[in-house]
Amino acid sequence: MSFDLNKIPDQPGKIAVVTGANAGLGYETSLGLAQKGMKVIMACRNLEKAEQAKADIVKQAPGADLQTMALDLSRLASVKAFAQAYRDKYSTLDLLINNAGIMFSPYSKTEDGFEGQMAANYFGHFLLTSLLLDLLPDTPDSRVVTLSSIGHRRGTGVINFDDINAEKQYSRTDAYMQTKLACLMFSQELQRKLASAGRKTLSVAAHPGASDTELARHINPFLANILRYTVIPFVTHSPKNGALPTLLAALEPNVRGGDYYGPTGFREMKGPPGKATMSTYSQNQEMAAKLWDLSVQLTGAEYSF
Ligand SMILES: NC(=O)c1ccc[n+]([C@@H]2O[C@H](COP(=O)([O-])OP(=O)(O)OC[C@H]3O[C@@H](n4cnc5c(N)ncnc54)[C@H](OP(=O)(O)O)[C@@H]3O)[C@@H](O)[C@H]2O)c1
């Protein structure tokens, strides 16, 4: 499936929520959607940064319809407050882009008792989706797009059900990979639940390959600089290109629920967007159902289909 954003028709009257919209891929995704005439809610934890990003987008897309709203995904209370504030203002939602994320951060435990990366990347989005899902109209154009990573196939490659919040042992890299595996399994399981309830809304996953964004902020600056001037230019693509799989998943008419998109070049690190590779484990329905049940238990999310 070749994808050209320029060939996607304008989408006036539609509304999208993009988490982590102030930087990197979320910024480019918001810009792309705004250029298609969608109203974009930039759901960000730092409203000052969000307002700056909004102003930058408006410069590139005059007339863009954007609103910033506060959302800290690492706090369930903030997720609930965001969903309530959204519902107070809007009665419908066409696209939910579960984009925000952190990578390789030092160990932290959130106020809800979650490991920091699992909280921001996965549990927050799991709860957020449950609180907005009923606003999505029953059409295949309404979608939940969740960001995974090539990394879902790395790390341990499994969900550590015995210690999902890394209280016994913490590896920054394994913890990040687990969050991205959890995001992909969530996207798949959500699609199965939507389909078995007869809902036409699609759940789709995407990954950007490798893109030099602010995600690397927790990598040692010395090492990051060496990489930036050696390997990175060869194996990464721009955030604008990195956002294309997400935009494809969100806007392309031929997308099917449960699909997973990413760059199609060498090792899926860069290149034009298309179908991406899922690990065998990420497609294990028994494990996905187990993760879903655990996530319901830990976040208190109430899904109704
Ligand atoms: N870049 C890559 O090569 C790559 C590869 C694979 C997957 N991904 C995925 O792509 C997504 C976007 O990453 P990126 O590369 O664009 O990184 P980025 O430039 O660091 O942007 C991440 C965004 O997420 C926001 N965020 C972080 N924690 C949050 C929280 N607790 N609540 C709300 N927002 C939060 C950040 O806000 P602040 O600015 O306030 O920190 C920022 O807006 C992530 O899910 C990441 O895992 C990226």
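Residues numbered from 1 in each chain as written. Predicted model: local features only at pLDDT ≥ 70, side-chain atom pairs only at ≥ 80, totals over all residues.

Caption draft 1: Just the sheet that holds strand 6 (residues 202-206), in detail. With respect to topology, 8 strands assemble into an open sheet ordered 3-2-1-4-5-6-7-8, the strand pairing being mixed. Both edges of this open sheet fall to strand 3 (65-70) and strand 8 (273-275), since each of them pairs with a single strand only. Across the sheet, the mean angle separating the axes of adjacent strands is 20 degrees when strand polarity is ignored. Note: strand 2 (residues 39-44) against strand 3, 6 bridges, orientation parallel. Considered in strand 3, the bridge of Ile41 is made with Gln67. In the packing of helix 2 (residues 47-60) onto the sheet, the strands contacted are strand 2 and strand 3, and the crossing angle to strand 3 comes to about 170 degrees. (Pairing = 2+ DSSP bridges. Helix = DSSP H or I, 4+ residues; strand = E, 2+ residues; numbered from the N terminus. Axes fitted to C-alpha atoms, helices over the stretch in contact; angles between N-to-C directions. Contact = placed C-beta atoms within 7 Å.)

Caption draft 2: Here's a closer look at the environment of Ala50. By secondary structure assignment, the location of Ala50 is in helix 2. Separated by 19 residues in sequence, Ala50 and Met69 have C-alpha atoms that sit 8.3 Å apart. If we ignore the near neighbours within four places in the chain, the residues touching Ala50 are Ala21, Asn22, Met42, Cys44 and Thr68.

Caption draft 3: Just the site of the ligand, in detail. In the region of the ligand, 32 residues are neighbours, and Gly20, Gly24, Gly101, Ser149 and Thr213 sit closest. Elements that contribute at least two residues to the shell around the ligand include exactly helix 1 (24-35) and helix 4 (116-132). The element best represented in the shell around the ligand is helix 1, accounting for 3 residues. (Near = placed C-beta within 6 Å.)

Caption draft 4: Geometry of helix 10 (residues 285-299). The end-to-end C-alpha distance of helix 10 is 21 Å, a good match for the 21 Å that 15 residues give at a rise of 1.5 Å each. What helix 10 keeps buried is the set Ala288, Leu291, Trp292, Ser295 and Thr299. Along the axis of helix 10, the buried residues cluster in a sector spanning 105 degrees; they form a single face. Relative to its buried face, helix 10 has exposed residues pointing more than 90 degrees away, namely Glu286, Asp293 and Gln297. Check the buried side of helix 10 and you find it contacts helix 3 (76-89), helix 4 and helix 5 (172-196). Directly after helix 10, the chain includes Gly300, whose backbone phi takes a positive value near 75 degrees. (Expected span 1.5 Å × (residues − 1). Buried ≥ 20, exposed ≤ 12 C-beta atoms within 10 Å, placed from the backbone. Arc of directions from axis to C-beta.)

Caption draft 5: Representation of the packing of helix 3 against helix 4. Orientation of helix 3 relative to helix 4, taken along the N-to-C sense of each, is 25 degrees, at an axis distance of 10 Å. In terms of axis orientation, helix 3 runs roughly parallel to helix 4. Our pair here, helix 3 against helix 4, has a crossing hand that is right-handed. Of the residues in helix 4, those in contact with Leu76, Val79, Lys80, Ala83 and Tyr86 of helix 3 are Gly124, Leu127, Leu128, Leu131 and Leu132. (Parallel < 35°, antiparallel > 145°, perpendicular 65-115°, else oblique. Left-handed = near helix turned anticlockwise from the far one by under 90°.)

Caption draft 6: How the structure looks around the packing of helix 4 against helix 5. It is the contact of helix 4 with helix 5, at a shortest axis distance of 8 Å, that shows an interaxial angle of 15 degrees. What the angle tells us is that helix 4 and helix 5 run roughly parallel. Here helix 4 and helix 5 pass one another in a crossing that is left-handed. Contacts between helix 4 and helix 5 involve Gln117, Met118, Asn121, Tyr122, His125, Phe126 and Thr129 on the former and, on the latter, Ala175, Tyr176, Thr179, Ala182, Cys183, Phe186 and Leu190.

Caption draft 7: Inspection of the pairing of strand 6 at higher detail. Burial of strand 6 is extensive: 5 of the 5 residues sit out of reach of the surface. Of the pairings in the sheet, the one linking strand 5 (residues 143-147) to strand 6 comprises 5 bridges and is parallel in character. From the neighbouring strand, Leu147 faces strand 6, where its bridge partner is Ala206. Note that the unit made of strand 5, helix 5 and strand 6 has a crossover that is right-handed. Across 2 bridges, strand 6 lies against strand 7 (residues 260-263) in parallel orientation. Within the sheet, the bridge partner assigned to Ala206 lies in strand 7 and is Tyr261. (Right-handed = clockwise from strand over helix to strand, strands pointing away.)

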